[in-house]
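Chain and residue survey
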Amino acid sequence: FGRKKLDANSIEELEEALFASDFGYETTEEIIEETQKAYKKDKELRGKDVAAIGSSVLKRVLDGSEGRIQFVEGSPTVICLIGVNGSGKTTTTAKLGHQYKQDGRNPMVAACDTFRAAAIEQLKEWSSRLGLDIIAGQHGADSAAVAFDAYQAAKARGHDTLIIDTAGRLHTKSNLMDELAKIRRVLQKHDEAAPHYSLLVVDGSLGSNSIEQARVFNEKFGLDGLVVTKLDGTSRGGALVGIYRELKLPIFFLGFGEKPEDLQEYRIDNYVDAIFGSDEEA
Amino acid sequence: MFESLTDKLTNAMRHLRGTAKLSEENMAEALKEVRAALLSADVHFKVARSFIERVKEKCVGQDVLKTVTPGQQIIKIINDELTALLGEGSTELSKKKPLKIMMVGLQGGGKTTTSAKLAKALKKDGYKPHLVACDVYRPAAIDQLETVARQIDVPCFAKRGTPDVPAIGEEGLSVAKASGDDLIIFDTAGRLQIDDQLIEEIKELKRRVQPDEVLLVVDGAIGQEAVNVAKTFNEAVQLTGIVMTKLDGDARGGAALSMKEITEVPIKFAGTGEKLDDFDVFHPDRMASRILGM
Ligand SMILES: Nc1nc2c(ncn2[C@@H]2O[C@H](COP(=O)(O)OP(=O)(O)OP(=O)(O)O)[C@@H](O)[C@H]2O)c(=O)[nH]1
Ligand SMILES: Nc1nc2c(ncn2[C@@H]2O[C@H](COP(=O)(O)OP(=O)(O)OP(=O)(O)O)[C@@H](O)[C@H]2O)c(=O)[nH]1
Ligand SMILES: [K+]
Ligand SMILES: [Mg+2]
Ligand SMILES: [Mg+2]
């Protein structure tokens, strides 16, 4: 969005940019309508004004969307990562463990994907690379039993944070959703408030289906918020806008790479500026 | 919940009963509904636009049939057109022996799983598969491929401790050939289409092992980015087919149309679950209904 004056072409460009970001139909239409309204009032409207409009609509839609982890005192804060296949749960588990360790906390990770080929080995390799304490079961073991043991071990060893990696599952499979409920039930035998945070890990390059994923995981299991991954690609992770708009689930972290440090706390301003450019750039 | 596209179109075209011919004007409202349906199925907006143009051309001037409602008539035209587009090209693999297949795609799309699914399916057709582990980055990627290879009782070549992917591929190929295997599948690491260095890597791997098939494995729920992904991978390694995975979910899969339209590469297979049997050739008619939400 440059300094050019606005014309039919640039409205179309705007529309393209908005659709390309997977914001969804509603937000896209809203931004375009506001732009057209502003254009009627001011025919001298420039690209940067349009960016400002888009930015303000987006900030309005995302108002209240920043999620933050509040750690509990005296017992491990349990963060459970769930989501569809391949979204980035295991990698995010490792990244979070790494970040908390850097922050001076004492995290532990639990490999509760006992189903997928070499899922346990994957988290084990991360934990040895990053020096993270880990509890893992055997392939084919009951994932809830591993979660139960992990909590016990975390508590006994004085860990203040427990991050649980679960198997990928499509929201459409009810038996696999039941398995998640079981993980929660056994954790609650230790601590009624656990898991303190159930975060849905959403692949940022997916389109509108991530809204459906979030809706169903939230209805069937209950979510505290989201992590959106793979934002280092060309995709803008616009699906988070649609998800927040519909479900008001806060966003906690954004993943933008495969390295352990490629995780950021989500901030509305940073996210919106990355899309529309900050004022200085425009 | 949602009003189905059929209902919407029937509604949008109800005033057409008694009209003689379909025209651009009398279809406008209906085509708007079609556009909205395509966009909400994640069809790329440019592709949606050109698709609507095509449908319009097909429709304009047609007699409004007396036997069906105008809504049903236009749905049939759209469905046929979409099925035809999605089905262009063949789902057949090259008949060359040995047959070499390279799997490429973004992170987490399903390459490793699909490598094993494909090997299992073709083993039933009499091939002797050999998997080659060319992902040296993802933690335990090699273990994962070895595990699925074991599950289908197929050998797997792996070389730990070297990052030289093209060399691994070449060595895997000669080991496979020496053991008399005639289907060699190269599983590669997930990579972004904008990661030039890693794109160079698969170009070099391709140059060295000369695959007969290069399959792009894509998550069926991918959004607008699908177009850039398919385009860039196609330019880099000349895709011969696309595999849409995770179609056991409820994603509408509009990316199938986008990728097909932009690259003209046929969609060959569908992944329909986590198990190694959950694999099928691509059915354009099913995909068309899915995209249209019917
Ligand atoms: N580019 C990029 N890749 C990522 C990111 N997060 C994860 N990945 C990659 O995505 C792929 C899948 O990540 P995993 O962490 O294994 O995903 P998962 O959700 O645990 O997958 P399943 O357990 O199989 O359901 C891997 O290749 C990761 O390296 C990210 O933020 N950016
Ligand atoms: N439900 C479902 N899951 C699938 C399908 N295909 C693959 N998966 C799952 O998707 C996840 C990612 O699959 P992988 O085969 O590891 O994907 P990949 O492309 O090799 O991932 P990277 O090597 O990290 O890039 C795993 O949990 C698989 O079990 C499918 O058709 N349906
Ligand atoms: K909670
Ligand atoms: Mg995992
Ligand atoms: Mg893989």
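Read on for a plain summary of the structure.

Rules behind the numbers
- Residues numbered from 1 in each chain as written.
- Chains lettered and ligands numbered in written order.
- Predicted model: local features only at pLDDT ≥ 70, side-chain atom pairs only at ≥ 80, totals over all residues.
- Heavy atoms only, no water.
- Helix = DSSP H or I, 4+ residues; strand = E, 2+ residues; numbered from the N terminus.
- Buried < 20%, exposed > 50% of the residue type's maximum accessible area, 1.4 Å probe, protein only.
- Areas by Shrake-Rupley, 256 points an atom, 1.4 Å probe, with all protein chains shown as cover.
- Lys, Arg positive; Asp, Glu negative; His and termini not counted.
- Charge placed at Lys NZ, Arg CZ, Asp CG, Glu CD.
- Pairing = 2+ DSSP bridges.
- Salt bridge = Lys/Arg side-chain N within 4 Å of Asp/Glu carboxyl O.
- Near = heavy atom within 4 Å.
- Polar contact = N/O pair within 3.5 Å; in protein donor to acceptor, adjacent residues only side chain to side chain.
- Arc of directions from axis to C-beta.
- Contact = heavy atoms within 4.5 Å.
- Buried area = accessible area lost by both parts, 1.4 Å probe.
- Nonpolar A, V, L, I, M, F, W, Y, C, P; charged D, E, K, R; others polar.
- Axes fitted to C-alpha atoms, helices over the stretch in contact; angles between N-to-C directions.

Before going further, it helps to examine the overall build of chain B. When its secondary structure is counted, chain B shows 11 helices and eight strands. Expressed along its principal axes, the backbone C-alpha trace of chain B runs to roughly 70 × 40 × 35 Å. Of all 294 residues assigned to chain B, the portion counted as buried reaches 56%. Of the accessible surface of chain B, which amounts to about 12000 Å², a share of 50% is contributed by carbon and sulfur atoms. Here chain B contributes 41 positively and 44 negatively charged side chains, and the mean placements of these two sets differ by 2 Å.

Strand-to-strand pairing in sheets goes through backbone hydrogen bonds, with the strands running parallel or antiparallel. Read from one edge to the other, the open sheet built from eight strands follows the order S3-S2-S4-S1-S5-S6-S7-S8 (chain B), with strand pairing classed as mixed. Either end of the sheet is taken by a strand with one partner, and the two such strands are strand S3 (156–157) and strand S8 (279–281) of chain B.

With that out of the way, let us pick up the pattern of salt bridges. Counted by the stated rule, this structure contains 45 salt bridges over all chains. Across the salt bridge formed by Glu-30 of chain A and Arg-245 of chain A, the nearest N and O atoms sit 2.7 Å from each other. Pair noted here: Glu-30 of chain A is in helix H2 (residues 25–41) and Arg-245 of chain A is in helix H9 (residues 239–247), with a separation of 215 residues, a long-range link. Arg-245 of chain A gets classed as partly exposed once you look at its relative accessible area, which sits at 25%. Residue Lys-97 of chain B is joined to Asp-182 of chain B by a salt bridge in which the shortest nitrogen-to-oxygen separation is 3.6 Å. Note that Lys-97 of chain B is positioned in the loop between helix H4 (70–87) and strand S1 (99–104) and Asp-182 of chain B in the loop between helix H7 (165–178) and strand S4 (183–188), a separation of 85 residues in sequence. With relative accessibility at 15%, the residue Asp-182 of chain B sits in the buried group.

On to the site of ligand 1. What surrounds ligand 1 is a group of 22 residues, the closest being Gly-88, Lys-89, Thr-90, Thr-91 and Glu-258 of chain A. Mapping the residues adjacent to ligand 1 onto the chains of the assembly identifies chains A and B. Thr-90 of chain A places a polar side-chain atom, nitrogen or oxygen, 2.7 Å from an oxygen atom of ligand 1. Between an oxygen atom of ligand 1 and a main-chain N or O atom of Gly-257 of chain A, the distance comes to 3.1 Å.

Three or four residues apart is the spacing at which side chains of an α-helix point the same way, because the helix has 3.6 residues per turn. Residue and element names in this part refer to chain A. Restricting attention to buried positions, one finds in helix H10 (residues 268–276) the residues Ile-268, Tyr-271, Val-272, Ile-275 and Phe-276. The arc that holds the buried residues of H10, viewed along the axis, is 110°, so those residues lie on one side. Buried-residue contacts for H10 involve helix H1 (8–20), H2, helix H3 (47–61), H9 and strand S7 (251–255). Positive phi shows up at Gly-277, right after H10, with a value of about 80°.

Now for the interface of chain B and chain A. One frequently used descriptor of interface size is the decrease in accessible area upon assembly of the parts. In this complex, chain B contributes 37 residues to the contact, which on the side of chain A involves 36 residues. In total, about 3100 Å² of surface goes out of reach between chain B and chain A, with carbon and sulfur atoms giving 53% of it. Taken together, the connections running from chain B to chain A amount to three salt bridges. Close ionic contact of Lys-173 of chain A with Asp-248 of chain B constitutes a salt bridge, the shortest N to O distance being 2.3 Å. Applying the counting criterion to the chain B and chain A interface returns 14 residue pairs in polar contact (both at pLDDT 80 or more). Only helix H2 (24–40), helix H3 (45–59) and helix H6 (141–151) of chain B provide two or more residues apiece to the side of chain B that touches chain A. Grouping the amino acids of the side of chain B that touches chain A by side-chain chemistry returns 13 nonpolar, 12 polar and 12 charged.

Residue and element names in this part refer to chain B. Where burial is concerned, most of S4 is hidden: six out of the six residues are buried. On S4, burial covers both faces: Leu-183, Ile-185 and Asp-187 on one face and Ile-184, Phe-186 and Thr-188 on the other are all buried. With five bridges joining them, S1 and S4 adopt parallel strand pairing. Looking at S4, one finds that Met-103 is bridged to Asp-187. As defined by bridge partners, strand S2 (residues 129–134) adjoins S4 across six bridges and the pair is classed as parallel. The partner of Cys-134 across the bridge, within S4, is Thr-188.

What follows concerns the sheet that holds strand S3 (residues 133–136) of chain A. Residues and elements named next belong to chain A. With mixed pairing, eight strands are arranged side by side in an open sheet as S3-S2-S4-S1-S5-S6-S7-S8. Each having just a single partner strand, S3 and strand S8 (263–265) make up the two edges of the open sheet. Neighbour-to-neighbour, the strand axes of the sheet open up by a mean angle of 25°, direction not taken into account. Pairing analysis gives five bridges linking strand S1 (residues 77–82) to strand S4 (residues 161–166), with the strands arranged parallel.

Functional significance is not addressed by these values, which are geometric in nature.
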